[in-house]
Amino acid sequence: MSSGTRDYYDVLGVPRDASQEDIRRAYRSLARKNHPDVNKEPGAEARFKDITEARDVLSDPEKRSAYDRFGPRWREMQQAAAAGGGRRPGGRPSGAGAGGPGPDGGRVQYEEVSPEDLEGLFGGDGFDGIFGDLFGRRGRGGGVRMGGSDQEAVIELTLEEAARGGRRRLRLGDSELEVDIPAGVADGQAIRLAGRGSPGIGGGPPGDLLLRVRLLPHSRFRIEGRDLYVDLPVSPAQAALGATVEVPTLEGRARVKVPAGSSSGRKLRLRGRGLPNPSGPPGDLYAILKIVLPKKLGPEEHELYERLLELEGKKPRREAA
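Residues numbered from 1 in each chain as written. Predicted model: local features only at pLDDT ≥ 70, side-chain atom pairs only at ≥ 80, totals over all residues. Heavy atoms only, no water.

Chemist: Quick one: what's the story with the pairing of strand 3 (residues 151-157), residue by residue and with numbers?
Modeler: Within strand 3, five of the seven residues are buried, which leaves the element mostly enclosed by the surrounding structure. Direction of pairing for strand 3 relative to strand 7 (residues 209-215): parallel, over a ladder of seven bridges. Residue pairing across strands places alanine 153 opposite leucine 211, the latter belonging to strand 7. (Buried < 20%, exposed > 50% of the residue type's maximum accessible area, 1.4 Å probe, protein only. Helix = DSSP H or I, 4+ residues; strand = E, 2+ residues; numbered from the N terminus. Pairing = 2+ DSSP bridges.)

Chemist: Break down a nonpolar patch on the surface for me, citing the residues and quoting the values.
Modeler: Judged by side-chain polarity, Leu293, Leu297, Tyr305 and Leu308 come together as a nonpolar surface patch covering roughly 350 Å² of accessible area. Here tyrosine 305 is to be found in helix 10 (residues 299-311). Take tyrosine 305: its relative accessible area is 32%, and that puts it in the partly exposed class. (Patch = residues over 30% accessible without salt bridge, like charges linked within 9 Å, V, L, I, M, F, W, Y side chains within 5 Å. Areas by Shrake-Rupley, 256 points an atom, 1.4 Å probe, with all protein chains shown as cover. Salt bridge = Lys/Arg side-chain N within 4 Å of Asp/Glu carboxyl O.)

Chemist: Account for the packing of aromatic side chains, naming residues and giving values.
Modeler: Here the distance between the centres and the angle between the planes together describe a pair of aromatic rings. Throughout the structure, instances matching the rule amount to three aromatic pairs. Geometrically, the ring pair formed by tyrosine 8 and tyrosine 67 is tilted, given 4.6 Å between the ring centres and 50° between the ring planes. Of this pair, tyrosine 8 sits in helix 1 (residues 8-12) while tyrosine 67 is found in helix 4 (residues 61-70), placing the two residues 59 residues apart along the sequence. As far as burial versus exposure is concerned, tyrosine 8 and tyrosine 67 are alike and both buried. With a centroid separation of 5.1 Å and 15° between ring planes, the pair formed by tyrosine 229 and tyrosine 286 is classed as stacked. Taken as a pair, tyrosine 229 in strand 9 (residues 227-234) and tyrosine 286 in strand 13 (residues 285-291) lie far apart in primary sequence, 57 residues in all. (Phe/Tyr/Trp six-rings, centres within 6.5 Å; stacked < 30°, edge-to-face > 60°.)

Chemist: Which residues make up the environment of proline 236, and what values go with them?
Modeler: Of note, proline 236 is situated in helix 9 (residues 236-241). The class for proline 236 is partly exposed, based on a relative accessible area of 21%. Between the C-alpha atoms of proline 236 and proline 294, which are 58 residues apart in sequence, the distance is 9.2 Å. Once residues within four sequence positions are removed from consideration, proline 236 is found in contact with Ile291, Val292, Leu293 and Tyr305. (Contact = heavy atoms within 4.5 Å.)

Chemist: Can you explain the pattern of salt bridges? Please cite residues and give values.
Modeler: What the rule picks out here adds up to 24 salt bridges. When the shortest N-O distance is used, the salt bridge between arginine 28 and glutamate 21 registers 3.5 Å. Taking relative accessible area as the criterion, arginine 28 reaches 40% and is therefore assigned partly exposed. Its relative accessible area of 32% is what places glutamate 21 among the partly exposed residues. In this structure, glutamate 246 engages arginine 253 in a salt bridge whose closest nitrogen and oxygen atoms are separated by 3.0 Å. Overall, glutamate 246 belongs to the partly exposed group, its relative accessible area being 40%. Linked through salt bridges whose partners overlap, the residues forming this network are Arg167, Arg169, Arg171, Glu176, Glu178 and Asp180.

Chemist: So, the side chain of aspartate 284: which residues are in play, and what are the values?
Modeler: Relative to the elements of secondary structure, aspartate 284 occurs in the loop between strand 12 (267-270) and strand 13. In contact with aspartate 284, other than residues within four places in its own chain, are Arg226, Asp227, Leu228, Arg269, Leu270, Arg271, Gly272, Arg273 and Gly274.

Chemist: Describe in detail helix 2 (residues 20-34), supporting the description with residues and values.
Modeler: With 15 residues, helix 2 should reach 21 Å at 1.5 Å per residue; the first-to-last C-alpha distance of 21 Å fits that figure. Those residues of helix 2 that fall on the buried side of the exposure criterion are Ile23, Ala26, Tyr27, Ala31 and Asn34. All buried residues of helix 2 project into a common sector of 125° when viewed along the axis, lining one side. In this structure, helix 2 carries Arg32 and Lys33 as exposed residues pointing more than 90 degrees from its buried face. Taken together, the buried residues of helix 2 touch helix 1, helix 3 (44-58) and helix 4. (Expected span 1.5 Å × (residues − 1). Arc of directions from axis to C-beta.)

Chemist: Break down the pairing of strand 4 (residues 166-172) for me, with residues and values.
Modeler: Bridge count between strand 4 and strand 5 (residues 175-181): seven bridges; the pairing is antiparallel. What sits directly across from arginine 169, in strand 5, is glutamate 178. In textbook terms, the turn of a hairpin is the stretch between consecutive antiparallel strands, and for strand 4 and strand 5 this stretch comprises two residues, one of which, glycine 173, has a positive phi near 65°.

Chemist: Quick one: what's the story with the sheet that holds strand 3, residue by residue and with numbers?
Modeler: Here three strands make up an open sheet; going across it, the order is 3-7-6 and the pairing mixed. Strands with a single pairing partner mark the edges of an open sheet, and in this sheet they are strand 3 and strand 6 (190-193). Between one strand axis and the next, the sheet turns through 30° on average, direction left out of account. The pairing of strand 6 with strand 7 spans four bridges and is antiparallel. Each bridged residue has a counterpart across the sheet, and for alanine 190 the counterpart in strand 7 is arginine 212. (Axes fitted to C-alpha atoms, helices over the stretch in contact; angles between N-to-C directions.)

Right, here's the structure in full:
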């Protein structure tokens, strides 16, 4: 399934310290949206299978514990433990955080297994046979050769940084690294840095580092996927008679036509003016009309509003459809 490359927690959209109730709630919500009997869109059935598999693993304490310790190799490690007499391999925490935030605010870590731990569990020839089949090759000196685990960290970006992309210097632990931010990276998307994860065992290749993007709140725009929303204040006269007004965008300012008879809350769509998308169409920008009255009326304005009230028969106008 896609969970071979995607994290089970990411599939359900829950943090790594999610409770069983959080997992059940997320599963029910996603299952309703993606069940093949309800959702006929292409890929819905595959997503439903991914969601169900993620739920099955994370709702089982033993499977979840193995997954949190060993990541994508959790099944192999459980099978190896069962072949060795039902005991689980011992492990030690990896050198850098993997996964997501833990309950204490730190990073949840997968555990790596040392050759000594595995030798003690399976012993001599039994160890060689089991792990020779599982991983296919041996390291120097007769030890097992295993690739390192992937690690995950969070990178916070402003909306403007995510839209334009570029290079960014990050400090992770005691090291600094340069990261290429692709233009149009979205909230929750992962940037993969090959070979920057946990070191391998017995000369095995290192894992990768996944930088999970978190978009910071913006002072003006609200973000939903790749679509942006912005409030657009207009006067009562502009809303009633129609007008062309300016609206802020990521690239500057654009002009949009307000139809006559508009009410507060009406959405004006600016196609393609949302967050860029490197692999498809960009998002849209939605300007939400907000009718704003002047804080203080001048004599002429006061007279005009009184005249308008007389014409309306001193009754509230019906809301526009």
